[in-house]
Amino acid sequence: MENQTQENKSRVIMVESEQSWDFYVNQATTQGCPVVVHFTASWCIPSVAMNPFFGELASNYPDALFLTVDVDDVKAVAAKMEVKAMPTFLLMKEGAQVDRLVGANPDEIRKRVDAFVQAIRVYVA
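This one's a predicted model, so the numbers in the text were calculated from it and none came from an experiment. (Residues numbered from 1 in each chain as written. Predicted model: local features only at pLDDT ≥ 70, side-chain atom pairs only at ≥ 80, totals over all residues. Heavy atoms only, no water.)

Looking now at the pairing of strand 5 (residues 96-102). Look at any regular strand and the pattern is simple: side chains alternate between the two faces of the sheet. Note that strand 4 (residues 88-93) and strand 5 share six bridges and pair antiparallel. Counterpart to Lys93 in the pairing with strand 5 is Ala96. Linkage of strand 4 to strand 5, two consecutive antiparallel strands, is achieved through a turn of two residues, within which Glu94 is found at a positive phi near 55°. (Pairing = 2+ DSSP bridges. Helix = DSSP H or I, 4+ residues; strand = E, 2+ residues; numbered from the N terminus.)

Encoded structure:
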């Protein structure tokens, strides 16, 4: 059973504090890695429903860093990024937001993440 858990381990990192947010965003910036963030809340059914999709998306884009932020647990980050509704998805490059999508729209999120990651790959190559 343990091996199965290991194989299915999500590539999504749960941000648990403002310090961990700063650490991951700074690390991604240093490495030239695009960041995709899902701002969620445990009481928001559409946000919770997006978790499996977000995990699947993360497994399809190993070159990007996928973060999840619970707005109730890490209020300072939600406030700093001006998140007003859940779910909110941010695409970030070099520590700055380049795109934002509010709402549970898997097709649009996939389209934007794909274009974003492809643009970064072309830029880096």
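A separate point is unusual backbone geometry. For the bond from Met86 to Pro87, the omega torsion is -5°, close enough to zero to count as cis. Position of Pro87 relative to the elements: it lies in the loop between helix 4 (75-80) and strand 4. A positive phi is found at Glu82, a non-glycine position, where the angle reads about 55°. Looking at the secondary structure, you find Glu82 in the loop between helix 4 and strand 4.

In this section: helix 2 (residues 18-31). In a regular helix each residue adds 1.5 Å, so 14 residues correspond to 20 Å; helix 2 covers 20 Å between its end C-alpha atoms and thus fits that length. Considered for burial, the residues of helix 2 that qualify are Ser20, Trp21, Val25 and Ala28. Along the long axis of helix 2, the arc covered by the buried residues comes to 125°, so they all point the same way. Facing away from the buried side of helix 2 by over 90 degrees, the exposed positions are Gln19 and Thr30. Those residues of helix 2 hidden inside the fold are in contact with strand 1 (12-15), strand 2 (35-40), strand 3 (65-70), helix 4 and strand 4. Within two residues after helix 2, Gly32 carries a phi angle of roughly 65°, on the positive side. (Expected span 1.5 Å × (residues − 1). Buried < 20%, exposed > 50% of the residue type's maximum accessible area, 1.4 Å probe, protein only. Arc of directions from axis to C-beta. Contact = heavy atoms within 4.5 Å.)

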